[in-house]
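Okay, here's what each chain looks like letter by letter:
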Amino acid sequence: KQEVTQIPAALSVPEGENLVLNCSFTDSAIYNLQWFRQDPGKGLTSLLLIQSSQREQTSGRLNASLDKSSGRSTLYIAASQPGDSATYLCAVAQVGGSEKLVFGKGTKLTVNP
Amino acid sequence: NAGVMQNPRHLVRRRGQEARLRCSPMKGHSHVYWYRQLPEEGLKFMVYLQKENIIDESGMPKERFSAEFPKEGPSILRIQQVVRGDSAAYFCASLNHPTDTQYFGPGTRLTVL
């Protein structure tokens, strides 16, 4: 059974700092891995999607890496801003499992001005 | 191109009543997933549907819950005889192909009194 773990559960940093969020998964048979952002009381916004054959994806100040063999992904946020404060969710689409997403519990990020 | 739409955004029911949650996928998308987010928990898969077919309902509780995605109209998640433990945020996601990005709606927050 696929399990997704995100560390840390919460993170508080001063504005301008670079930071890394971690995600690990137990079964490497995945189609892709996605990072989402969730604001309080809101839906999910897709940030980056990495296909299983890819190693990383970049969008603006965000960079996500994927090491499928070790079951790890990182989300790097450069020059953090207060507007980055949100919960970041990692999810994998499982092969042979209707491609449904299996989510971690998220990392709650607070960027202090 | 409108995004995934869910309504109502907030729903209050008393124990024993029925709850109907609606999801209109993005235009051209024929795949819909429903997820549930319990308080302080991660999102959990419930059901995967294509037009007029349930593909995977392995995450659905065995009783009281049902889902449909008719040829015309939105996907419906129906909860009969709601209990307090059904209080959660229910999200749907749509996509054009199973290994593509899943686009999430804003969710329906169900409160059972």
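A few points on the structure. This is a predicted model, so every value here is computed, not measured. (Residues numbered from 1 in each chain as written. Chains lettered and ligands numbered in written order. Predicted model: local features only at pLDDT ≥ 70, side-chain atom pairs only at ≥ 80, totals over all residues. Heavy atoms only, no water.)

Comments concerning the overall build of chain A
Right, on to step 1. Looking only at helices and strands, chain A has zero helices and eleven strands in total.
Right, on to step 2. Listing the helices and strands of chain A from first to last along the sequence gives β-β-β-β-β-β-β-β-β-β-β.
Right, on to step 3. Against the globule reference of 13 Å for 113 residues, chain A gives a C-alpha radius of gyration of 13 Å, in line with a compact fold.
Right, on to step 4. Seen through its C-alpha atoms, chain A measures out along the principal axes to roughly 45 × 30 × 20 Å.
Right, on to step 5. Here chain A holds 113 residues, and the buried ones make up 44% of them.
Right, on to step 6. Sequence separation of at least 24 residues holds for 55% of the intrachain contacts in chain A that already meet a minimum separation of 6.
Right, on to step 7. Of the roughly 5,200 Å² that chain A leaves accessible, carbon and sulfur atoms contribute 48%.
Right, on to step 8. Of the charged side chains in chain A, 10 are positive and 9 negative, and the gap between their average positions amounts to 5 Å. (Helix = DSSP H or I, 4+ residues; strand = E, 2+ residues; numbered from the N terminus. Rg over C-alpha atoms; globule rule 2.2 N^0.38 Å. Buried < 20%, exposed > 50% of the residue type's maximum accessible area, 1.4 Å probe, protein only. Contact = heavy atoms within 4.5 Å. Areas by Shrake-Rupley, 256 points an atom, 1.4 Å probe, with all protein chains shown as cover. Lys, Arg positive; Asp, Glu negative; His and termini not counted. Charge placed at Lys NZ, Arg CZ, Asp CG, Glu CD.)

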